[in-house]
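Examination of the molecular architecture
The primary structure of each chain is shown beneath.
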Amino acid sequence: MNLLRHWATMAEAYLAYRRGREPGYWPFRIWVEPSSVCQLRCVMCPNRDLPSGMLGHMPMERFRAVIDECRGFAYDVNLTHRGEPLLNPEIVDMVAYAARSGPKIRLHTNAMTLSRERSRDLIRAGLHLMSFSIDGFTERTYRQIRIGGSWDRVMGNIRAFLEEKAAAGSRRPYTIVQVIDVPEFETAPEERRQFIAGFRGLPVDEIYVKKPSNWAGSYSVHQYADTPCAPCTFPWYALTVCWDGLIVPCPQDFFCRIPLGRVEESGLRGAWRSAPMRALRSAMAARRFAGLDPCEACDRLRRPRSAGLPATNVAVFLVENLLGYTRWKTRLFAREDGTVSTK
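Residues numbered from 1 in each chain as written. Predicted model: local features only at pLDDT ≥ 70, side-chain atom pairs only at ≥ 80, totals over all residues. Heavy atoms only, no water.

A short note on the nonpolar core
The nonpolar side chains of a soluble globular protein tend to be buried with one another. As a reminder of what qualifies: Note on terminology: a nonpolar core comprises buried Ala, Val, Leu, Ile, Met, Phe, Trp, Tyr and Cys residues joined through side-chain atoms within 4.5 Å. Throughout, exposure labels follow a simple rule: accessible area from a 1.4 Å probe, protein chains only, divided by the maximum for the residue type, with under 20% read as buried, over 50% as exposed, and the rest as partly exposed. Strands are runs of DSSP state E lasting at least 2 residues, helices are runs of H or I lasting at least 4, and numbering of each runs from the N terminus. Residue contacts follow a heavy-atom distance rule, with two residues in contact if any of their heavy atoms lie within 4.5 Å.
Ranked by internal contacts, the top residues of the largest apolar core, which has 95 residues, are F195 and F199. No other element matches the eight residues that helix α3 (residues 91–101) contributes to this core. Dropping the residues within four chain positions of it, F195 is found in contact with I134, G136, F137, W151, M155, V177, V179 and I207.

Some points on helix α7 (residues 189–197)
How we decide: The arc in question is formed by the directions pointing from the helix axis toward the C-beta atoms.
Listed as buried for α7 are R192, F195 and I196. Down the axis of α7, the sector holding all buried residues measures 95°, keeping them to one side.

Thoughts on the packing of aromatic side chains
Our working rule: Aromatic rings from Phe, Tyr and Trp, taking only the six-membered ring of Trp, are treated as a pair when their centres fall within 6.5 Å; an angle between ring planes under 30 degrees marks them as stacked, one over 60 as edge-to-face, and anything in between as tilted. The rule is short: NZ of Lys or CZ of Arg within 6 Å of the ring centre and within 35 degrees of the ring normal puts a charge over the ring.
Taken as a whole, this structure holds 12 aromatic pairs when the rule is applied. Aromatic side chains F137 and F195 sit 5.3 Å apart centroid to centroid with 85° between the ring planes, which places their arrangement in the edge-to-face category. Remark: F195 occurs in helix α7 and F137 occurs in the loop between β5 (129–133) and α5 (139–145); sequence separation between them is 58 residues. An identical accessibility class is assigned to F137 and F195; each is buried. Here the aromatic residues F137, Y142, W151, F195 and F199 are joined through ring pairs into a cluster of three or more. The ring of W26 is capped by R269, whose NZ or CZ atom sits 5.4 Å from the centre of that ring.

Structural notes on unusual backbone geometry
Omega for the peptide link from R172 to P173 comes to 0°, which places this bond in the cis form. With respect to the helices, strands and loops of the structure, P173 is situated in the loop between α6 (151–168) and β7 (174–180). In this chain, D293 is followed by P294 through a cis amide linkage whose omega measures 5°. Among the structural elements, P294 can be located in the loop between α9 (275–285) and β12 (305–306).

Considering the confidence of the model for the protein chain
Quick reminder of the rule: Per residue, pLDDT measures the predictor's confidence, with a range of 0 to 100.
Chain-level statistics for the protein chain give a pLDDT mean of 86 and a share of 84% at 70 or above. Note that residues 326–343 has pLDDT below 50 and, in this model, 47 contacts with residues that lie over four places away or in other chains.

Looking at the pattern of salt bridges
Put simply, the rule is: A pairing counts as a salt bridge when a side-chain nitrogen of Lys or Arg comes within 4 Å of a carboxyl oxygen of Asp or Glu.
Enumeration over the complete set of coordinates arrives at 16 salt bridges. For R281, the salt bridge goes to E22, with nearest N and O atoms at 2.7 Å. Placement of R281 in helix α9 and of E22 in the loop between α1 (3–19) and β1 (29–32) is noted, with a sequence separation of 259 residues between them. By relative accessible area, which is 1% here, R281 ends up buried. Note on E22: relative accessible area 32%, which makes it partly exposed. Put simply, E264 and R62 hold a salt bridge, and the shortest N to O gap is 2.7 Å. Here E264, found in the loop between β11 (261–262) and α8 (267–272), pairs with R62, found in helix α2 (residues 60–70); they are 202 residues apart in sequence, far enough to count as distant. Judged by relative accessible area, which is 52%, E264 ranks as exposed. Connected through shared salt-bridge partners, R116, R120, E163 and E164 make up one network.

Right, here's the structure in full:
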């Protein structure tokens, strides 16, 4: 999808969302789950509660079917969901196949299995955005949050990736280091500054500090008001495809409580206009949140709004979608209070 067409689709999506209407376009952001398996047991992540029947890797044939269908309408594809994508042995081939198809390809990883060779392969495969999830400013907080992880290994793997990116002389992939600021694990301002300083001189485009999600009620964290502010935006712009081909409305539906169809049966287009999806949009537009599982408990409904949209991350979303990743040249670094400042 070219940028001008994407802008037009975004404008149409905004109007459809604000007016509570059915979209006349296809979803422009797709989540695809290469793997639901994860080697970590992070304190805020419900992955540890997934039953064995929900664990697995997406086969390449199914992945190709998803990418082939969304080639004409998806602006970007996120290769992540409930598990660690690099555990899928075909992940490099997946990135390469998707990158050749047109959408911007984004990957979010805990970096535990990211070797230098794999880093080089992912960069060469055409990855547009790489996001590293660390979730700790110090080794102490990392060990407390990311159960089963290795601070030294992760930091070494990230540094190796950045060195390979520098050696390639490429702006891509746009590289983000993400830290979830878990309330019960406090870090001193000086420790945060030292963490940020450790990336100076390396081709990091953004260090991003975010509040944890409550994963539609699966994680108990209280940071927003109890009363819903506005309908969720996900049903008007995105779909999520699980490793087994099941399609759900958004990545917050961790346990697939709103199934919309399957890749091999309905396809993305069928799921987008399925009866369950239409019913979800109707309930959201009418603010009938009571009894809507899992949405009723989701903190996405309670986040502050700006111009009728979620204020959290709206600037990042608009920059990514209106300007494109490689055109956002200002490097951002986190302040100790969790906000960002220019380098």
